[in-house]
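Fold and geometry: a report
Read off the chains here:
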Amino acid sequence: VPDRADKLNDGAESAWRDAMSLARDDLSRMRADEGLGTHLLTTAQGGATTEERVRQSVAFLDSALGRIGSVTAAGDRDARRAAILINRATAYEVLGDIDRAFADWSAAAIANERSASAWNGLARICLATGRGDASRALAKSAALAPDDPSAARERSRFRLAAHDVSGAKSELESALARHPE
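This structure is a prediction, so every number in the text was calculated from the model and none was measured.

This next bit is on the overall build of the protein chain. Within the protein chain, the secondary structure is distributed over nine helices and zero strands. For the protein chain, the α and β elements follow one another from N to C terminus as α-α-α-α-α-α-α-α-α. By principal-axis analysis of the C-alpha atoms, the protein chain measures approximately 50 × 40 × 35 Å. In the protein chain, buried positions account for 38% of the 181 residues. Partitioning the contacts of the protein chain with sequence separation of at least 6, the portion at a separation of at least 24 is 48%. When the accessible surface of the protein chain is split by element, carbon and sulfur atoms take 51% of a total near 9,900 Å². Once the 25 positive and 27 negative side-chain charges of the protein chain are each reduced to a mean point, those two points are 2 Å apart.

Right, here's the structure in full:
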C-alpha cells in the first residue's frame, strides 16, 4: 500500500505542477500555488526530505498569498486568505518557526473570524508560547463549531495541556452528546 500511495502522491504533485505551467491568469496561478503548497505540506512524511518539502510548501503558499490581492473573481477572498495562512502556519510549526506560525495563526483568525480551525490553531500556539489569549481563542472555536467532534477533540487536548481537566471533559462530553455514534 505505501508504494501505491507514493505513486498516487507523485501523480498528484505532477498534476499540480502541470496546473502551474498551464495557469494563464492570477486566479489560476493562485489556485495552483495554493494546491501545490498544500500538497507538499500534507505529503511531507518525515525523513531527510521533509524539511525541504515543507520549505517548498511555504514558498508556494507565499506566492498564493501574494497573488490573492490581484484576484478579481467572485468569492470569499478573506476565507481563501485564511485557508492559505492556516496551511502556512502549520508549515512554520513543522519547521519550528514559532514566531511566524503565531503571526500566521493570528492573521488567519482575523482574516476569517468564522474559522474554527484558525481559532484552534491560534489557541495551540498561544498555549505553546504563552503569548496571546488562548482562552479567548478556545471560546471563539467553541462558539463557531460546538457540534464539530474534531474541533472539540482538539480543544479538549488544549485544555488538558493547560491543566483544565474539567474544561476538557466538558468539551468531550458535549461532543459525545451531540454525536453518540
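The structure having been displayed, the exposition proceeds.
At a minimum axis distance of 8 Å, the contact between helix H6 (residues 116–129) and helix H7 (residues 134–144) shows a crossing angle of 160°. With respect to H7, the axis of H6 lies roughly antiparallel. When the axes of H6 and H7 are compared, the crossing they make is left-handed. Taking contact as the criterion, the partners of Ala116, Trp119, Asn120, Leu122, Ala123, Cys126 and Leu127 in H6 are, on H7, Ala134, Arg136, Ala137, Leu138, Lys140, Ser141 and Leu144.

So, how was this worked out
- Residues numbered from 1 in each chain as written.
- Predicted model: local features only at pLDDT ≥ 70, side-chain atom pairs only at ≥ 80, totals over all residues.
- Heavy atoms only, no water.
- Helix = DSSP H or I, 4+ residues; strand = E, 2+ residues; numbered from the N terminus.
- Buried < 20%, exposed > 50% of the residue type's maximum accessible area, 1.4 Å probe, protein only.
- Contact = heavy atoms within 4.5 Å.
- Areas by Shrake-Rupley, 256 points an atom, 1.4 Å probe, with all protein chains shown as cover.
- Lys, Arg positive; Asp, Glu negative; His and termini not counted.
- Charge placed at Lys NZ, Arg CZ, Asp CG, Glu CD.
- Axes fitted to C-alpha atoms, helices over the stretch in contact; angles between N-to-C directions.
- Parallel < 35°, antiparallel > 145°, perpendicular 65-115°, else oblique.
- Left-handed = near helix turned anticlockwise from the far one by under 90°.

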